[in-house]
Amino acid sequence: PTAWTSLSLTISADGESEYELTGASPFPRHWVYDHEGALATKSAVIDFAEWEHSDAPHQTPWHDFDKSVLMSHVESQVERNLSGEVMGSKHDLVKFSEGSILIEQGQPGGLIHLVLDGMLRVDVDGEHVAELGPGAIVGERAIVEGGKATATVTAVTPVRVASISAENVDRSELEQVAATHRDKQA
């Protein structure tokens, strides 16, 4: 199998630039960095089985085939720190199929979920407010804001998460993640 990333880069006369990941192999995860070397975006879904069994010579951009890719926002630094705590602790690995509800608004919370792969849609009172992908922490607001989920979180794609009881995570870090998520929804 072959791994490839197809990028589109537009550089304006004023020096501004725009990029887009226009296609990519289904594996590995693809990362795009900005002009300062900071991670700017990444692919949300990887599929090793599809990649391993692909007919690579016919499935590359250079042979008239390119696979579109779903891109994800980059997680915050505090989410990156928490991911180490989650993965370093006793956690459950859970898979959700496309359309499954991971968290339902108004329901009791108690678990923190680290998105390992896939894309989630976040709705508050039936209104779409965000999408979250690999590296995101979800479920924190129920812990920080009164014990009930403040949003419905639904799998846009098949999703894999690592779940852990909130009591095993530093509350101050959960408060920081909650504040970041509130800011993104405003």
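The coordinates are above.
Computed from a predicted model, the values in this text were never measured in an experiment.

### Observations concerning the overall build of the protein
Within the protein one finds four helices and 13 strands. Taking all 186 residues of the protein together, the buried fraction comes to 39%. Long-range contacts, defined here as pairs at least 24 residues apart, represent 71% of the contacts in the protein between residues at least 6 apart.

### Quick look at unusual backbone geometry
Residue P28 follows F27 across a cis peptide bond; omega there is 0°. Tracing the chain through its elements places P28 in the loop between β2 (17-24) and β3 (31-33).

### Concerning the nonpolar core
Ranked by size, the top nonpolar core spans 16 residues in total, and within it L102, L120 and V159 carry the most contacts. Put simply, the parts of the chain that give this core at least two residues each are β7 (101-103), β9 (120-124), β10 (127-132), β12 (152-155) and β13 (159-165). In contact with L102, not counting residues within four places along its chain, are F96, H113, L120, V138, V153 and V161.

### Digging into the side chain of S25
Its location among the elements puts S25 in the loop between β2 and β3. At 2.8 Å, the side chain of S25 forms a polar contact with the backbone oxygen of F27. Residues in contact with S25, not counting those within four places in the same chain, are T2, A3, W4, H30 and W51.

### Structural notes on the sheet that holds β12
One open sheet accounts for four strands, arranged β7-β12-β9-β10; its pairing is antiparallel. Looking at the sheet topology across the chains shown, the edges are occupied by β7 and β10. Within the sheet, the average angular offset between the axes of one strand and its neighbour, ignoring direction, is 30°. In terms of strand pairing, β9 meets β10 through five bridges, oriented antiparallel. The partner of R121 across the bridge, within β10, is E131.

### Brief notes about the sheet that holds β3
A sheet is described by the order of its strands in space; here three strands give the open sequence β3-β4-β5, paired in antiparallel fashion. Looking at which strands have only one partner, the edges of the open sheet turn out to be β3 and β5 (71-72). Of the strand pairs in this sheet, β3 and strand β4 (residues 39-43) are connected by three bridges, and their pairing is antiparallel. Bridge pairing in β4 links Y33 to L39.

### Some words on the environment of N168
Mapped onto the elements of the fold, N168 is located in the loop between β13 and α4 (171-185). Overall, the relative accessible area of 45% leaves N168 in the partly exposed class. Sequence-wise, N168 and I112 are 56 residues apart; in three dimensions their C-alpha atoms are separated by 9.3 Å.

### Describing the pairing of β4
Adjacent in sequence and paired antiparallel, β3 and β4 are bridged by five residues, among which G37 carries a positive phi angle near 90°. In terms of strand pairing, β4 meets β5 through two bridges, oriented antiparallel. Its bridge partner being in β5, K42 is matched across the sheet by S72.

Rules behind the numbers
Residues numbered from 1 in each chain as written. Predicted model: local features only at pLDDT ≥ 70, side-chain atom pairs only at ≥ 80, totals over all residues. Heavy atoms only, no water. Helix = DSSP H or I, 4+ residues; strand = E, 2+ residues; numbered from the N terminus. Buried < 20%, exposed > 50% of the residue type's maximum accessible area, 1.4 Å probe, protein only. Contact = heavy atoms within 4.5 Å. Core = buried A, V, L, I, M, F, W, Y, C linked by side-chain atoms within 4.5 Å. Polar contact = N/O pair within 3.5 Å; in protein donor to acceptor, adjacent residues only side chain to side chain. Pairing = 2+ DSSP bridges. Axes fitted to C-alpha atoms, helices over the stretch in contact; angles between N-to-C directions.

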